[in-house]
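Geometric and topological summary
Given next are the chains, with one letter for each unit.
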Amino acid sequence: MHCYLCGWWSVTWAAWGFLAQQTLEKLLKAFLVFRSKEPPRSHSLQRLLQELAECDQVVLLAPELLELDDFAVLARYDSEPTPLPAERRKILELLEELQVQLLAQLL
């Protein structure tokens with residue numbers, strides 16, 4: 001059993017990857033809503049990027065962030081552990097950079 005209150009380092013890869021993927025998914029969906037587009041009912045990061053491209057909005061994601069797609073569903077139910085595509089700290093830095101990039105486009 002993992003202690004979720006003891007610090008984010010004690011959270012399993014699957015749980016941590018899922019939360020990181022959800023953060024990214026919600027950022028992209030929020031940006032679609034800002035562009036007056038209904039977000040698709042999908043967890044696919046690639047599909048969200050395609051939807052943004054249709055709004056003439058190009059969002060460049062680091063490959064490590066795109067690899068979080070596996071954590072939307074597969075990694076949560078797979079019996080084998082799915083390793084994170086990068087160190088947790090690196091993923092957090094990339095998510096923060098994306099947030100800054102998207103916010104700058106909103107202002």
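The sections below set out a description of the structure shown in this document. Within every chain, residues take consecutive numbers counted from 1 along the sequence as written. It should be noted that, the model being predicted, local features are given only for residues of pLDDT at least 70 and side-chain atom pairs only at 80 or more, the latter also being counted only at that level, while totals for whole chains, interfaces and linings use all residues. As a rule here, side-chain values cover all heavy atoms of the structure and leave hydrogens and water aside.

Ranked by internal contacts, the top residues of the largest apolar core, which has 25 residues, are Leu24, Leu28, Val59, Leu61, Leu65, Leu68 and Ile91. Tallying contributions element by element places helix H1 (residues 13–34) first for this core, with 7 residues. Contact between two residues is taken to exist if any of their heavy atoms lie within 4.5 Å; hydrogens are not considered. In this structure Ile91 touches Trp16, Ala20, Leu65, Leu68, Leu84, Pro85 and Ala86, once residues within four positions along its chain are discounted. Throughout, nonpolar core names a set of buried Ala, Val, Leu, Ile, Met, Phe, Trp, Tyr and Cys residues whose side chains join them through atoms within 4.5 Å. Each residue's exposure class comes from its accessible area (1.4 Å probe, protein chains only) as a fraction of the maximum for that residue type: buried when under 20%, exposed when over 50%, partly exposed otherwise. Helix and strand definitions here come from DSSP, where helices need a minimum of 4 consecutive H or I residues and strands a minimum of 2 consecutive E residues; each element is numbered from the N-terminal end.

The term salt bridge refers to a pairing of a side-chain nitrogen on Lys or Arg with a carboxyl oxygen on Asp or Glu at a separation within 4 Å. Under the defined criterion, the tally for this structure stands at 5 salt bridges. A salt bridge links Lys26 to Glu25; its shortest N-O distance comes to 3.4 Å. Among the residues examined, Glu25 registers a relative accessible area of 0% and is labelled buried. Two residues, Glu54 and Lys37, come together in a salt bridge whose shortest N-O distance is 3.3 Å. Taken together, the positions of Glu54 in helix H2 (residues 45–54) and Lys37 in the loop between H1 and H2 put the pair 17 residues apart, joining distant regions of the chain. Overall, the relative accessible area of 56% leaves Glu54 in the exposed class. Members of the salt-bridge network, linked through shared partners, are Lys37, Arg47, Glu51 and Glu54.

In this section: the packing of H1 against helix H5 (residues 88–106). The axes are straight lines fitted to the C-alpha atoms, using for helices just the contacting stretch, and the angles between their N-to-C directions are given from 0 to 180°. At a minimum axis separation of 11 Å, H1 and H5 run at an interaxial angle of 10 degrees. When the interaxial angle is binned, H1 and H5 end up roughly parallel. Along its contact with H1, which presents Trp13, Trp16, Ala20, Thr23, Leu24, Leu27, Phe31 and Phe34, the element H5 presents Arg88, Ile91, Leu92, Leu95, Leu98, Gln99, Leu102, Gln105 and Leu106. A per-class count over the contact of H1 with H5 returns 13 nonpolar, 3 polar and 1 charged. When describing relative orientation, an angle under 35 degrees is termed roughly parallel and one over 145 degrees roughly antiparallel, while 65 to 115 degrees is termed roughly perpendicular and anything else oblique. Polarity classes work like this: nonpolar for Ala, Val, Leu, Ile, Met, Phe, Trp, Tyr, Cys and Pro, charged for Asp, Glu, Lys and Arg, and polar for all others, with Gly in that last group.

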